[in-house]
Amino acid sequence: MLEWKVNVRETIPYVPGEQPQEGNIIKLNTNENPYPPAPKVASMAEQMDTDKFRLYPDPDVGMLTDKLAEYHGVNSNQVFVGVGSDDVLAMAFLTFFNSDKPILFPDITYSFYKVWAGLFKIPYSNPSLNRDFTINIQDYMVPNGGIVITNPNAPTSLYEPLSSIEDIVKANPCSVVIVDEAYIDFGGESALSLIEKYDNVLVVRTFSKSRSMAGMRIGYAVGNEELINALKSVKLSYNSYTMNMPSIILGTESVEDEQYFQSTLAKIVNTRENVKEQLEAIGFSVLESATNFLFATHERVSAESIFNDLRKKGIYVRYFKTPRIDNYIRITIGTDEEMAIFMEEITKLVK
Ligand code: PMP
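Summary of the structure given here. From a predicted model like this one, the values you see are computed outputs, not experimental measurements.

### Brief notes about the packing of helix α4 (residues 84-96) against helix α5 (residues 112-119)
No. 1: Orientation of α4 relative to α5, taken along the N-to-C sense of each, is 40°, at an axis distance of 10 Å. Here α5 runs oblique to α4, going by the angle between their axes. Relative to α5, α4 is oriented so that their crossing is right-handed. Residues D86, L89, A90 and F93 of α4 pack against F112, Y113, W116 and A117 of α5.
No. 2: Considering only residue class, the contact of α4 with α5 consists of seven nonpolar, no polar and one charged.

In structure tokens:
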């Protein structure tokens, strides 16, 4: 065999949700926000000075970092910004998970963690969630090389009380505990309040869901200054100009528009609770969601067939053919109009 083929870095890549390019579909499969980004983002996009694109962007992403620090009431040296939270998480895995002991994350959670662990050759172990998909915190009280918890979890949509997260952080002073809060704006109390108390917790956030900016690729981490410096060193050893200029500028505008942000969140939460009730009325069990999606299973009709039949009607939801959750569909919350069509079609499928 050719030597490069022997030495090639083999990976089993993450499988992102479908991004169909044709119009006229109802897209409820990748937890995007159905509402546009804040109006301030649109007006800044129109005013943007494209001549500036000649220049490299700020490698420290100063403007957006400062804005986020102000927003969360922390120092700028406690914030690290990256190209979506996937970039921030990947960088955090590379930076902090370098032990012979396995890192820990639940058997059912964001499926990218396994992929990064594989890519970076990090040993890992996956404690099983309880039958009701909650975490057993004792599973995280064992020797480990680091911990990642998604809260609220995906794809289950469940929120773990902050006290459980704190117990895990407290019990593991020698490990970095990453709390992936991609969905926290839709429900639950953030672990950001733990940052002043514990120097081993890193909270990761994204603009892709609650801020309607998945296409701009903005994510960030907040933590103790030493953790943030370690992340910055690794990033600057890899690629210094990761954040493009429009994302930095438009992301900053989004944070300015708190009122719009809050009103969009409230609309989505309201739609979520209405749809949950309607699904329950036609025989679905739906987990208590603290996110912008629902995780549901039907008493009679298989999730895989519902997924396929909805798809034929141009309605995309997410289905994971994975043990323990292969009879569930994950439904992103769209607009009220989209969800009305969704309900009409799914009702026909389970009649
Ligand atoms: N974490 C979780 C739990 C997610 O569901 C996602 C979205 N796929 C991400 C991180 C990554 O989001 P992004 O890179 O768009 O910030």
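Now that the structure has been shown, we can carry on.
### Some details on helix α8 (residues 245-256)
No. 1: Compared with the 16 Å implied by 1.5 Å per residue over 12 residues, the 17 Å span of α8 between its first and last C-alpha is a close match.
No. 2: In terms of residue burial, α8 counts as a mostly covered element, since 11 of its 12 residues are buried.
No. 3: Among all positions in α8, only M245, P246, S247, I248, I249, L250, G251, T252, E253, S254 and V255 are buried.
No. 4: Structurally, the start of α8 carries an N-cap: the backbone nitrogen of S247 is 2.9 Å from a side-chain oxygen of N244.

### As for the sheet that holds strand β12 (residues 318-319)
No. 1: The antiparallel open sheet is built from four strands, whose spatial order is β9-β10-β13-β12. Of all the strands in the sheet, just β9 (284-286) and β12 have a single pairing partner and so form its edges.
No. 2: Judged from the two bridges that link them, β12 and strand β13 (residues 329-332) form a sheet pairing that is antiparallel. Residue pairing for β13: Y319 is matched across the bridge by I329.

### Overview of the nonpolar core
Across soluble globular proteins, nonpolar side chains show a tendency to be buried alongside one another.
No. 1: Counting 49 residues, the largest nonpolar core has L64 and V81 as the members making the most contacts within it.
No. 2: Broken down by secondary-structure element, the contributors of at least two residues to this core are α3 (62-72), β2 (79-82), β5 (147-150), α6 (162-171), β6 (177-180), β7 (201-206), β8 (219-223) and α8.
No. 3: Broken down by element, the residue count for this core peaks at five residues, all from α8.
No. 4: Once you skip the residues sitting within four places of it in the chain, V81 turns out to touch V61, L64, T65, L68, V88, I218, G219, Y220 and M243.
No. 5: The next biggest cluster of nonpolar side chains, apart from the first, holds 33 residues, and it includes A182, F261, V275 and I333.

### Comments concerning a nonpolar patch on the surface
No. 1: A contiguous nonpolar patch, built from L2, W4 and V8 and spanning about 330 Å² of accessible area, is present on the exposed surface.
No. 2: Among the secondary structure elements, W4 is positioned in helix α1 (residues 3-7).

### Some points on the pairing of strand β10 (residues 293-298)
No. 1: Within β10, six of the six residues are buried, leaving the element largely enclosed by the surrounding structure.
No. 2: The side-chain alternation of β10 yields two buried faces, one formed by F293, F295 and T297 and the other by L294, A296 and H298.
No. 3: Looking at chain direction, β9 and β10 are connected through three bridges and run antiparallel. Directly across from S285, in β10, lies its bridge partner T297.
No. 4: Turn length for the β9-β10 hairpin, with the two strands adjacent in sequence and antiparallel, is six residues.
No. 5: For β10 and β13, the ladder comprises four bridges, and the chain directions are antiparallel. Across the sheet, A296 pairs through a bridge with I329, a residue of β13.

### Some remarks on the site of the ligand
No. 1: In the vicinity of the ligand there are 13 residues, among which S85, D180, Y183, T206 and S208 approach most closely.
No. 2: The backbone of S85 places a nitrogen or oxygen atom 2.6 Å from an oxygen atom of the ligand.
No. 3: At a separation of 2.7 Å, an oxygen atom of the ligand approaches a polar side-chain atom of Y183.
No. 4: For the ligand, the protein covers 90% of the area, taking 400 Å² as the surface of the free molecule.
No. 5: Because more than half of its atoms lie within 2 Å of the grid, the ligand is assigned to the largest pocket.

### Topic: unusual backbone geometry
No. 1: Along the chain, N151 connects to P152 via a cis peptide bond; the corresponding omega equals -5°.
No. 2: As for its placement among the helices and strands, P152 is situated in the loop between β5 and α6.
No. 3: Despite not being glycine, S157 has its phi angle at roughly 80°, a positive value.
No. 4: Along the chain, the position of S157 falls in the loop between β5 and α6.

### Remarks on the layout of surface pockets
Gaps left between atoms are located by rolling a probe of water-molecule size over the structure's atoms.
No. 1: Of the voids in this model, the largest pocket is the one considered here, and its volume is about 1200 Å³.
No. 2: Lining the largest pocket are 49 residues, and of these Y14, V15, Y110, S111 and R318 sit closest to its centre.
No. 3: Those elements that provide at least two residues to the lining of the largest pocket are α4, α5 and β12.
No. 4: Per-class residue counts for the lining of the largest pocket are 22 nonpolar, 15 polar and 12 charged.

### A few points about the environment of P39
No. 1: You can see P39 is positioned in helix α2 (residues 39-47).
No. 2: According to the relative accessible area criterion, P39 is partly exposed, its value standing at 48%.
No. 3: Distance in space between the C-alpha atoms of P39 and K321 is 39 Å, their sequence separation being 282 residues.
No. 4: When near neighbours in sequence (up to four residues on either side) are disregarded, P39 contacts D257 and Y260.

Procedures and definitions
- Think of each chain on its own: its residues are numbered from 1, step by step along the sequence as written.
- Local features in this predicted model are restricted to residues of pLDDT 70 or higher, and side-chain atom pairs are both shown and tallied only at a pLDDT of 80 or more, whereas totals for entire chains, interfaces and linings draw on every residue.
- Neither water nor hydrogens contribute to the side-chain values; these are computed over all heavy atoms in the structure.
- Between N-to-C directions, angles span 0 to 180 degrees; the directions come from axes that are lines fitted to C-alpha atoms, helices contributing only their stretch in contact.
- Secondary structure elements follow DSSP: runs of H or I of four or more residues count as helices, runs of E of two or more count as strands, with numbering from the N terminus.
- An angle below 35 degrees is read as roughly parallel, one above 145 as roughly antiparallel, one from 65 to 115 as roughly perpendicular, and any other as oblique.
- Throughout, a crossing is termed right-handed when the near helix is turned clockwise from the far one, and left-handed when it is turned anticlockwise from it by less than a right angle.
- Every residue pair with non-hydrogen atoms within 4.5 Å of one another is taken to be in contact.
- Note on residue classes: Ala, Val, Leu, Ile, Met, Phe, Trp, Tyr, Cys and Pro are nonpolar, Asp, Glu, Lys and Arg are charged, and everything else, Gly too, is polar.
- To estimate the expected span of a helix, count its residues, drop one, and scale the result by 1.5 Å.
- Between buried and exposed lies partly exposed: a residue is buried under 20% and exposed over 50% of the maximum accessible area for its type, with that area taken using a 1.4 Å probe on protein chains only.
- Here a polar contact means two N or O atoms within 3.5 Å. Within protein one must be a hydrogen donor candidate and the other an acceptor candidate, and residues neighboring in sequence count only if both atoms are side-chain atoms.
- The criterion for strand pairing is that DSSP finds at least two bridges linking the strands in question.
- For the purposes of this section, nonpolar cores are sets of buried Ala, Val, Leu, Ile, Met, Phe, Trp, Tyr and Cys residues that join through side-chain atoms within 4.5 Å.
- Put simply, a patch holds well-exposed residues, over 30% relative accessible area, that have no salt bridge, with like charges counted together within 9 Å and Val, Leu, Ile, Met, Phe, Trp or Tyr side chains within 5 Å.
- Computed by Shrake-Rupley with a 1.4 Å probe, the accessible areas treat only the displayed protein chains as cover when residues are assessed.
- Salt bridge, as applied in this entry: a Lys or Arg side-chain nitrogen positioned within 4 Å of an Asp or Glu carboxyl oxygen.
- The criterion for a residue being near a molecule or strand is simple. One of its heavy atoms has to lie within 4 Å of it.
- Within this scheme a cavity is a closed region of a 1 Å grid, computed over the protein atoms alone, that accommodates a 1.4 Å probe without allowing it to escape, whereas a pocket is open but has protein on both sides within 12 Å along at least five of seven lines; lining residues each have an atom within 4 Å of a point.
- More than half of a molecule's atoms lying within 2 Å of a cavity's or pocket's grid points is what places that molecule inside it.
- Grid points are joined across faces, edges and corners, and a volume is the space filled by probe spheres set on the points.

Treat this as a map of the structure, not an account of what it does.
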